[in-house]
Amino acid sequence: MSATVAGRTGASSRTSAKPYRDRFWRRRGESDFLKPTAAGAVVRYLLLSLMALIAVFPFLWQLSTSLKGASENIYAFPPQLLPEQPTLEHYATVSRTIPILKYAWHSLAVGVATVVSQVCFCTCAGYAVGVLKFRGKYIFLAMFLSTLLLPGEVTLTSQYLTVRSLGFANSLVGVFLPGAIGAVNVLLITTACAMIPKDILEAAEIDGASTWQRIRHVVWPNIRGMVSVVALFSFIGAWDDFLWPLVVLSDPEKYTLTVGMQYLQSNFGSNPRVVAAGTIIALVPIIILFALAQKQFFKGVQEGGVKG
């Protein structure tokens, strides 16, 4: 009998030792409406898979095209993503045609300067609009919102005339200057600053903290996640920008990477494999940056969503 009891005890312990697996769907009759039904879960994952395919397929097709040999048909249907004769010759052609490292350095300099200026200026402006009280605050905010209604092409001529009058035409400073601060980023930081409890700010003010001390010790720890989002978006926008550097730069020695890649389109338009190789070269640094910073990015988005 003791053996039977021991056997049952061992069986029950093995049964209880099995890990509990929480299902991501609900069964009929369950009241957890935050989970979808089994059919709803299937539809959800089908839609997510379709969206992922639509988003990722162009990149995969470009990568496949850049690796295919001259005898392979890149327009075959259905598309064949795996090259039959993989080659890196098209990447070598790009490196022989344009100075990739020099253009990448120019793009990096513009991107880093844009990130620094966006973080500094947007943090100060967001703190002023989101926390401080002053006359004309809502007029200032309305002006920022109104700039979002105009596409960038509308102000392109006025921006160029302004940069040229300042003496920064045909320079990397002229490329960086219009993107030194963005209205969208100011509004993001303003929203993050407005979510900070007023009691904490008032307590810091009563303790004698100056404005910079409040920004450093109170505001910055609360908006750091949103600032990482602003920094990442600012760098990607500066790196990928094509129209404005094309307008303001006339010396090929000062081109950024995206403008330099346009030379491939004009000289190798009949060979899309070389153009695809140049596109991949320009895109790889952004993929690496996002892969390294995705943790901070999603953390900032999550913090903004929870606080909002």
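The structure presented is a predicted model; accordingly, all values stated were derived computationally and were not measured.

Enquirer: So what exactly am I meant to see when it comes to the packing of helix α4 (residues 100–130) against helix α8 (residues 183–194) here?
Expert: Each packed pair of helices is defined by two parameters, the angle between the axes and the distance between the axes. Look at α4 against α8: their axes get within 7 Å of each other, and the N-to-C directions meet at 50°. Judged by the inter-axis angle, α4 sits oblique to α8. The element α4 and its partner α8 pack so that their crossing is right-handed. Contacts between α4 and α8 involve Gln118, Cys122, Thr123, Ala125, Gly126, Tyr127, Val129 and Gly130 on the former and, on the latter, Asn185, Val186, Ile189, Thr190, Cys193 and Ala194. Split into classes, the residues belonging to the contact of α4 with α8 amount to 8 nonpolar, 6 polar and no charged.

Enquirer: Would you mind showing me how to read the pattern of salt bridges here?
Expert: Between side chains of opposite charge, a pair can form as their charged atoms come close. If you walk through the whole model with that rule in mind, you get 2 salt bridges. As a salt-bridge pair, Arg96 and Glu89 come within 3.0 Å of each other at their nearest N and O atoms. Owing to a relative accessible area of 58%, Arg96 belongs among the exposed residues under this scheme. Ionic pairing is found between Lys102 and Glu253, a salt bridge with its closest N-O pair at 2.6 Å. Of this pair, Lys102 sits in helix α4 while Glu253 is found in the loop between α11 (243–248) and α12 (257–267), placing the two residues 151 residues apart along the sequence. Classification of Lys102 as partly exposed rests on a relative accessible area of 36%. The exposure class of Glu253 is partly exposed, given its relative accessible area of 47%.

Cut-off values and rules
Residues numbered from 1 in each chain as written. Predicted model: local features only at pLDDT ≥ 70, side-chain atom pairs only at ≥ 80, totals over all residues. Heavy atoms only, no water. Axes fitted to C-alpha atoms, helices over the stretch in contact; angles between N-to-C directions. Helix = DSSP H or I, 4+ residues; strand = E, 2+ residues; numbered from the N terminus. Parallel < 35°, antiparallel > 145°, perpendicular 65-115°, else oblique. Left-handed = near helix turned anticlockwise from the far one by under 90°. Contact = heavy atoms within 4.5 Å. Nonpolar A, V, L, I, M, F, W, Y, C, P; charged D, E, K, R; others polar. Salt bridge = Lys/Arg side-chain N within 4 Å of Asp/Glu carboxyl O. Buried < 20%, exposed > 50% of the residue type's maximum accessible area, 1.4 Å probe, protein only.

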